[in-house]
Every structure is written in structure tokens, then in C-alpha cells.
Amino acid sequence: MNLLGRVSVFPSLPERIRRLDELAHNIWWSWNPAAQELFKALSAGLWQKVYHNPVKLLCEISQARLDALCVDSDFLARYDAVIAAFDAYVQDEATWFGRTFPDHKGDVVAYFSAEFGLHESLPIYSGGLGILAGDHCKSASDLGLPFVGVGLLYNQGYFRQRLNVEGRQEAIYDKLNFNELPIQPARDLDGDEVIIGVELPGRRVFAKVWEVKVGRISLYLLDTDIDRNSPEDRRFSAQLYGGDHDMRIAQEIILGIGGVRALRALGIQPAMWHMNEGHAAFSGLERVRELIKAEALTFYEAVEAVAANAVFTTHTPVPAGNDAFAFEMMEKYFRHYYQELRLTREEFLAIARQDTMGGPALFSMTVLALRMSRRANGVSKLHGEVSRDIWKDLWQGVPVSEVPISHITNGIHTETWLAPEMAQLLDAYAPSWRDQVDALESWDDVTKIPDGEYWAARRALKVKMIEEVRARLRAMRLRHGESPARIREVDTMLDPDALTIGFARRFATYKRATLLFRDLDRLKAILHKADRPVQVIFAGKAHPADEPGKKFIQAIYEYAQQEGLEGKIVIVEDYDMNLARFLVHGVDVWLNNPRRPLEASGTSGQKAALNGVLNFSVLDGWWCEGYNGQNGWSIGEEREYKDLDEQDDADSVSMYQTLEDQLVPLYYDRNAKGIASGWIRHSKEAIRTLAPAYSTRRMVQDYSRELYVPAMEHGEKLAEDSFALARHLSHWKGMVRLNWHQIHLEASGPREQRLTVGEEVGLEARVRFGGLDPAHFVVEICQGREVDGVVKSFEVMPMTRAARVAEGVYAYEGRLHPHTGGSYSYGVRIRPAHPALMNDNEVGLVRWA
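Residues numbered from 1 in each chain as written. Predicted model: local features only at pLDDT ≥ 70, side-chain atom pairs only at ≥ 80, totals over all residues. Heavy atoms only, no water.

Let's shift gears to the overall build of the protein. Of the regular secondary structure elements, the protein holds 28 helices and 29 strands. Taken over C-alpha atoms, the radius of gyration comes to 29 Å for the protein, in line with the 29 Å a tight globule of 849 residues would show. Considering the protein as a whole, with its 849 residues, one finds that 59% of them fall into the buried category. In the protein, of all internal contacts separated by at least 6 residues, the share reaching a separation of at least 24 is 73%. For the protein, the exposed surface amounts to about 34,500 Å²; the carbon and sulfur share of it is 49%. Charged side chains in the protein number 98 positive and 118 negative. The centres of these two groups are separated by 1 Å. (Helix = DSSP H or I, 4+ residues; strand = E, 2+ residues; numbered from the N terminus. Rg over C-alpha atoms; globule rule 2.2 N^0.38 Å. Buried < 20%, exposed > 50% of the residue type's maximum accessible area, 1.4 Å probe, protein only. Contact = heavy atoms within 4.5 Å. Areas by Shrake-Rupley, 256 points an atom, 1.4 Å probe, with all protein chains shown as cover. Lys, Arg positive; Asp, Glu negative; His and termini not counted. Charge placed at Lys NZ, Arg CZ, Asp CG, Glu CD.)

Right, here's the structure in full:
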């Protein structure tokens, strides 16, 4: 049979329950257990078979079953309750954002990301970046933020993982049937489906736009698998992070440039643009091109306007992990485009030039994103520090602590990741958590949950997890052709009463998945104590091109079959959001041992803590901020090592010692009723302290206050009067840069001097401005206390212009006044200053005396 295509035939929904289709097409159901139970009630077996996809469920369920449900009073009561809750949610106008920023209720935030993790039924995510983006969308909806997401619709999603008989990862790609996904074609103001085009070398490639409803907000996804494209070009939206550099740059052009064009075609005019990682940085270039064409701005004038209302979030703490393309590739793909920007080849490449050690310069997407935004942030406090150090060379002369990259620590969407069993306990004893997820006091009453009920709920979640893990292990052994005896062994694997450690994440080498096995004899002794057994569950995918990561998976698979480890160590294949929920709900301890400081944030441990699972982690990413000594355990020291083997030795020894001396004994310290009250106290402390602090509700509020609304307002200022301020600011910066060489700064003050606290020292400076206006500059004293010979942060005090001493030469005065004892260093500097700058070091020019 020659197959031309496929159709999905849905039964006719009876009028009484017709809104099941509307409900199925809004991801709101994914974080509402009552809605999920409603779909499950249609057919529990089918709900499992379709992998919790309500649209596919409505396709495959029988007409007879639907008709029967129309006269089932219990079902109809549940249906009415869910629909009422859904309507109340989407129609509620008294939202946090509307109350807090009434002047910006209609100002749309456009959020660009290469992946979005909303639910396992829409597998267009690979890991933490995508899950964060999905949780960001959900909390934007909860808070009433005017918000649209923009991404790509990968018709093969991210791969399904299978481990072969040797433990080697195999990547399996299945083409998705869009008719059976919770998505619909996006339509413009006239009701027509939206298709946009982007220019690639020698042709135009088209993308259809799809819409995902996420509560109150929409996510728009671009799909090139349409008839108007050649077979080659249809592959651009086939796989997430697949293919070579040509595939990657084409995908990023479609995401960035195509994403802007999609919003324009939909009639959406964002007031603020957020690039979630550098994959979306071409969106800035497209917005610049639009302004050059529509407003007759120069490239640099347009950059001022575009960057003013753009935000960039970096997630990568390693320079090599940021996308960068060879200059030859950029010329191949952008030869005609940079002409539209009215730039030469050299000018265009200089925008995002990144010099490499011993290699050719590259066009960096992170540098481009930093150039195309005036607000940038890392995703934890430590990651902000690391990011400022990585990119400090873009702001020559600026102290690392003042590099304009801030931080907003990641969080998780509470309702998505909280187990229903734990939610029921909280509703009974700490009900205010639902109304104020991010308020610390809302979670204080978690301590009132009776230990017996708490322990029973945690054990029930572990039993559910073990059942799921056994099912997956059983399926894997069946596929491997194992003997009946080997398959039966699975039924007794994993003890629900044993301390269970979970390690599940992307298998990148810096995450050190095999660190636990550094001393096998010591590990076996820990696992096999007769009265204190321990077991460990591993899961995770490596990128298909990451051979070292895949070798880590194979190594753990082999360890799991070794004598003394078999049955105590298990590795589960095909880690996704569904398996993640079982694990973060069910294990006792969440293990995380990255090589510090390479974990930008990490959010899996936050999901675990929300459910009372205790983190056992290197003090990296978010855990540096979250750990308080009572809500989990730390591994190793807050330091870095020159020798990586020494770091691994030190961290593994710390891990074993903590397991032996603290963690395992505490878990097995039981009272007469068999309950580990000490363990429960720590577990409740984890929920109480971490659940509110690491919620995306808090995170999105931080983004709104610190980044989104200031960017909206600054963008408005620069756009007024036909972009008059943007034009002026661009001209002013150009003038300053052109004449910066004329600036000469001298300062006088004590080289070394002993002071008492409260005593001040006068400083003088003299500046030769040449033909520049002194009003455009500030002269400052920077003083900072030395710690171990390093000044990590400065206190900045402006100096006063005292007198003009010659033509173009001015004297300045100021005072040095240390507040506390200790060793201080100081310096004097000059930098450009303008009231329209978003931050003090925006121009990136600093000269020190």
C-alpha cells in the first residue's frame, strides 16, 4: 500500500461533555490533579496507554463509552466541577501582575526558548532548560502576566532512550501526530492559519505556526514540515538539538528571526523580549532590521531601541557550552541579511566576535544576546558570579563584580511537581500554601503534620515509584530476551523500607554520575549493612553525540550487574517528565554531585525538596543558597581545585563519610512505632524552607519586578518621538567611543597609610578631556576590603568636580573613608555617564588612574 498520509478520526463528543476537547487542548490540566483524574475516569487503561495525553485519549475512546458517561451522574458532577474550576482560573482578572503593575496589564512579554517542557505528552524538551521554560510559562499564567512563548515544534521531539544488552544508549525517534497532541494551528486576526518565511542560502523556508494553550497564556511553535518546503528543509523542525552546525544555525534562524515574524503575523506587539539562552539571539537582529526599514534608523540607533526592552538569561557556566559559529558559516547564511542591516561583513561579524585560545574567532550567540539586551542574568547567585567572570572581557576595565550580569535563581512550578499525596497533607494542615506559594510563612504549618501520617505518605510514594521502576526494568529485560528467572527477579528488586537514593539528570560528564563508585569496597559496605540497607536508582539521558556521557550510562549499567551491587544499584531507561515525577516524589535522598562551579542552577533537587526528599549535594547552583544545615546535606567544600582527580577524591570521601556518619544512621533511627522522627524533622524543614523560596511564582515575580517592567518602561522612553532618545543615545555613545583616547586621568593619594576606623583621607584627581564635555563623565573612588588578598566587591563614591585648571582639564576631589577595620584597596576611575543608560557600565569604557 502506498501511504499518502494519515488522518485521526475522533468520536463525536456529546453536547453535555463537549468541553472535554477544550479542556484537553489547554495544558492547564497538566497541573490540576482533578482534571487529570477526570480524563483517567474516561478509561484508566487507555489513559496509561496514551501516556497521559488527553487529546489522544479522546481520539481512541469509543463513542459508546462517551455516550454512557453522559448519563453517569458521578462523572458529570466531576466534569462540572473541573470545568467550573477551569473557567474560574482563565477568566480571573484579579491577578498578581494586574494588581501590582496596573499600567502594564496589556504589555506583552515575548519569551523565546529552543525547548519547552510542559508535559510528557508534548516531548519537545531535553532537560532542565526546557522544564524551566515550561514552568516559567505556567507561573506566568498563574500570575496573570501578559505573556507569549515562542519555540520550535519538533515533529520527532527529543529522542526516546533505550539501553541495549550492553548498556549502550540507543536514540529512538518517533514522528509525532500533531492531530493527537494538545496543540492547534495558530490563526491571525482574520482567522487564517499563519505561515511565515525566513531566508536561508539560495531559498526561502516556510514555517507553520502552532499554538499551545497554557492556562491564560499561549505558546507559539514553528514547524517547517510543510508541503511548501523541500524535503531537506522540512527536517529543520524534526529533532531537538540534532544534526550538525548547519542544522543548528538554521534552527536558530527560524526560532529567532522566524519567531519575530510569527508574532507580527499574529498581530502581537510585545513590549518586552526575553531570550532564554543564546539560541534565540537572532531575534534581536530581526527587530533591528525592522526598525532600520520602518523608521530609517541606523544599525546602532536601532540596537539602542531593541536592547532597551530586551532581557537575556544565560544558563551555561562553561564558555565552550555556548553556541558559536565560524565566520564563514555566518557569511554563508547572513550575506544578504547584513546588507539589510546596512553593515559591512566586518562590522556584522564584530557584533558578536568571540576570540578563542589559539583558534579562529567565532560569532558567539551569547555575545550577540548580550549586545542585543540591556539586562542579563544568570540563574543562581553563584552562576551570576561565574557568568560575570566568563564574559568580563566584553566590559574592559570594569571590575568583575560590576559586570552588568545579575542573577535570578531558578524555581519550579509547585503545582506541577508536588505529589497529590503531599498536597492532601498540606491542604489538611497547612492550607494557606495554595494562595501564597512563595510566602515563607505559608509553609510554616508543615511542622504540624503528624509524623505518622507524614511517614505513611512518604512510604506510599516510594511504593508507587518502585512499582514504576520495576515495570520499566521488566520491560527492558523482556526486550533484551532475558530468562524467565531473570525477569521474575525484578518483582523483588528495591525494598520500600530501605533508604533509597535517587540520581537522575542529563548525563553530561561534569555532573560526575559515576562519582559514587570511586571506592567500590566502601560503597558496598554502605549498601549492605544488614540492619541499614541502602539502594540507589539512576536515570538520565546523554545527548546522542555525547560519547563520554553515554559511556557514563554504560558504566552504571555494568556496575548494576556486578556482584555486590546487583539489586542495590539500578538504572532506569528513558528519563522524562513522567519518570521524573515518580523519582522526585518517591526517593528519600536526591544525590547531586557536579563539578563545582559548573552547575548553573539545577532544579531537580528543588522538585525533590518540595516533596520532602532531602538533598545531598555539592554546594553548587541553587543549593549554595538553599542549604541551611538542617534541610539536607552538603558534599565537599565551597572551593575549586586545580587538579580534578583531587577534587573527585575529596568529594567522594566527603560523600562516603556523610552517608556513614550522618545520613544513613538518621534514617534508621526509629522510635517504638518504627518512625524516623529525626529524619522527618529534616524532611519537613526542607519543605518549609525550600518550597516557597524556589517556586517559579517567586521567580517570575522577580523577573517582572527586576527585569520585565523596567525594560518595558525603558523601551517606551527610547521609542518616544520617533525614537529620538535612541538616536541621541547612539550618537552620544559613538562620540564617546571615537574620542575616548583623549581622556587622561591622574590621581593622588596615599600609597600606604595607617588609619583608624572613622578617619578619612582626601583624594585628588585631574582629568584631561580634550574636546569632550565633562558633564558626560563621572569620576569615582572605588574602595573595597581585601579578603585573602582579593577585592571582590567595591563601594563606589563619586568625586566632585572642583575647578577647571586649564582648557579641557578639570580637578576633582573626594574622600576615602573605610567603615571597618582591615586591609582596604582603593582606586580612582572615570567612565561615561548618561541619564538614559540602563546600567553604569553599559558603554563598557572605564579608565583607571
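Before going further, it helps to spend a moment on the sheet that holds strand 21 (residues 632–635). Strand order in this open sheet of six strands is 18-17-16-19-20-21, and the pairing throughout is parallel. Each end of this open sheet is capped by a strand with a single partner; those strands are strand 18 (569–572) and strand 21. Ignoring which end each strand starts from, the neighbouring axes of this sheet average 20° apart. This element, helix 26 (residues 644–667), spans strand 16 (499–504), strand 17 (534–539), strand 19 (589–592), strand 20 (614–618) and strand 21 of the sheet and lies at about 160° to strand 21. (Pairing = 2+ DSSP bridges. Axes fitted to C-alpha atoms, helices over the stretch in contact; angles between N-to-C directions.)

Look at helix 19 (residues 451–479) against helix 23 (residues 577–586): their axes get within 8 Å of each other, and the N-to-C directions meet at 140°. Judged by the angle between their axes, helix 19 and helix 23 are oblique. Considering only the axes of helix 19 and helix 23, their crossing is left-handed. Seen from helix 19, the contacting residues are Arg458, Leu461, Lys462, Lys464, Met465, Glu468, Val469 and Arg472; seen from helix 23, they are Asn578, Leu579, Phe582, Leu583, His585 and Gly586. Split into classes, the residues belonging to the contact of helix 19 with helix 23 amount to six nonpolar, three polar and five charged. (Parallel < 35°, antiparallel > 145°, perpendicular 65-115°, else oblique. Left-handed = near helix turned anticlockwise from the far one by under 90°. Nonpolar A, V, L, I, M, F, W, Y, C, P; charged D, E, K, R; others polar.)

Another aspect to go through is the nonpolar core. Phe282, Leu285, Phe299, Phe334, Phe348 and Leu368 are the most contacted members of the largest nonpolar core, which totals 181 residues. Ranked by residues supplied to this core, first place goes to helix 28 (residues 696–739) with 14 residues. In contact with Leu285, other than residues within four places in its own chain, are Phe299, Phe334, Tyr337, Leu341, Phe348, Leu368 and Met372. Of all hydrophobic cores here, the second largest spans 97 residues; its members include Leu494, Val534, Ile569 and Ile635. (Core = buried A, V, L, I, M, F, W, Y, C linked by side-chain atoms within 4.5 Å.)

Turning to unusual backbone geometry, a few remarks are in order. The omega torsion of the bond from Arg596 to Pro597 falls at 5°, within 30 degrees of zero and hence cis. Looking at the secondary structure, you find Pro597 in the loop between strand 19 and helix 24 (604–610). If you check the backbone angles, Phe723 has positive phi at about 65° while not being a glycine. Among the secondary structure elements, Phe723 is positioned in helix 28.

As a further point, take the sheet that holds strand 23 (residues 761–768). Read across the open sheet, the four strands follow the order 22-23-27-26; overall the sheet is antiparallel. The open sheet terminates on both sides in strands that have one partner only, identified here as strand 22 (744–748) and strand 26 (800–806). Between one strand axis and the next, the sheet turns through 25° on average, direction left out of account. Of the pairings in the sheet, the one linking strand 23 to strand 27 (residues 809–816) comprises eight bridges and is antiparallel in character. Its bridge partner being in strand 27, Val767 is matched across the sheet by Tyr810.

Inspection of the secondary structure assignment puts Tyr173 in the loop between strand 4 (169–172) and strand 5 (184–185). Tyr173 sits 118 residues away from Val55 along the chain, and the two C-alpha atoms are 21 Å apart. Those residues in contact with Tyr173 that sit more than four places away from it in its chain are Gln156, Gly157, Tyr158, Phe159, Gln239 and Pro544.

Two measures describe an aromatic ring pair: the distance that separates the ring centres and the angle between the ring planes. One pass over the structure, following the stated rule, counts 36 aromatic pairs. Look at Trp455 and Tyr667: their rings are 5.8 Å apart centre to centre, the planes differ by 40°, and that puts the pair in the tilted class. Placement of the pair is Trp455 in helix 19 and Tyr667 in helix 26, with a sequence separation of 212 residues. Ring centres of Phe769 and Phe777 lie 5.7 Å apart, and the angle between their planes is 45°; on these two criteria the pair is classed as tilted. An identical accessibility class is assigned to Phe769 and Phe777; each is buried. One aromatic cluster in this structure is built from Phe282, Phe334, Tyr337, Tyr338, Phe348 and Phe363. (Phe/Tyr/Trp six-rings, centres within 6.5 Å; stacked < 30°, edge-to-face > 60°.)

When their charged atoms lie close together, side chains carrying opposite charge are able to pair. Under the criterion given, the structure shown has 71 salt bridges. A salt bridge links Glu120 to Arg581; the nearest nitrogen and oxygen atoms lie 2.6 Å apart. Placement of the pair is Glu120 in the loop between strand 1 (109–112) and helix 8 (128–143) and Arg581 in helix 23, with a sequence separation of 461 residues. Comparing Glu120 with Arg581, the two get one shared label, buried. Between Lys332 and Asp246 there is a salt bridge, with the nearest N and O atoms lying 3.0 Å from each other. In this pair, Lys332 is assigned in helix 13 (residues 327–340) and Asp246 in helix 10 (residues 245–265), connecting sequence segments 86 residues apart. A relative accessible area of 25% means that Asp246 is categorised as partly exposed. Among the charged side chains, a salt-bridge network with shared partners connects Glu199, Arg204, Arg261, Glu286, Arg289 and Glu340. (Salt bridge = Lys/Arg side-chain N within 4 Å of Asp/Glu carboxyl O.)

Quick look at helix 8 now. If you check helix 8, its first and last C-alpha atoms are 22 Å apart, about what 16 residues at 1.5 Å a residue would give, namely 22 Å. Summarising burial for helix 8: 15 of the 16 residues are buried, a large majority. Two residues or fewer after helix 8 comes Gly144, characterised by a positive phi angle close to 75°. (Expected span 1.5 Å × (residues − 1).)

What follows deals with the side chain of Lys511. As for its position among the elements, Lys511 is in the loop between strand 16 and helix 21 (520–527). Overall, the relative accessible area of 8% leaves Lys511 in the buried class. Engagement of the side chain of Lys511 in a polar contact is seen with the side chain of Tyr510, the distance being 3.3 Å. Those residues in contact with Lys511 that sit more than four places away from it in its chain are Phe503, Arg505, Arg506, Asn593, Pro594 and Glu599. (Polar contact = N/O pair within 3.5 Å; in protein donor to acceptor, adjacent residues only side chain to side chain.)

The angle between the axes and the distance between the axes are what describe a pair of packed helices. The N-to-C vectors of helix 12 (residues 299–308) and helix 28 enclose an angle of 155°; their axes lie 8 Å apart at closest approach. One finds that helix 12 runs roughly antiparallel with respect to helix 28. The interaxial crossing formed by helix 12 with helix 28 has right-handed handedness. Contact residues: helix 12 offers Tyr300, Glu301, Glu304, Ala305 and Ala308, while helix 28 offers Ala711, His714, Gly715, Leu718, Phe723, Ala726, Arg727, Leu729, Ser730 and Lys733.

Let us now look at the state of the cysteines. Per the stated rule, a full pass over the model turns up zero disulfides. Cys70 carries a free sulfur, and the closest cysteine sulfur to it, the one in Cys59, is 18 Å from it. Judged by relative accessible area, Cys70 falls into the buried class, the value being 18%. (Disulfide = S-S within 2.5 Å.)

This part is about the environment of Asn309. For Asn309, the location among the structural elements is in the loop between helix 12 and strand 10 (310–313). Between the alpha carbons of Asn309 and Val709 there is a distance of 9.0 Å; along the sequence they are 400 residues apart. Residues within four places of Asn309 in sequence aside, it is in contact with Ala271, Met272, Trp273, Arg287, Ala711 and Gly715. Of note is the side chain of Asn309, whose polar atom sits 3.2 Å from the backbone oxygen of Ala271.

This brings us to the pairing of strand 17. Of all six residues that make up strand 17, six are buried, and the element is covered over most of its length. Here strand 17 shows two buried faces, one formed by Val534, Val536 and Phe538 and the other by Gln535, Ile537 and Ala539. Pairing of strand 16 with strand 17 involves six bridges; the strand directions are parallel. If you follow Phe503 over to strand 17, its bridge partner there is Phe538. Bridge analysis of strand 17 against strand 18 gives four bridges, and the strand direction is parallel. By the bridge assignment, Ala539 is partnered in strand 18 with Val572. In terms of handedness, the path from strand 17 via helix 22 (residues 547–559) over to strand 18 forms a crossover that is right-handed. (Right-handed = clockwise from strand over helix to strand, strands pointing away.)

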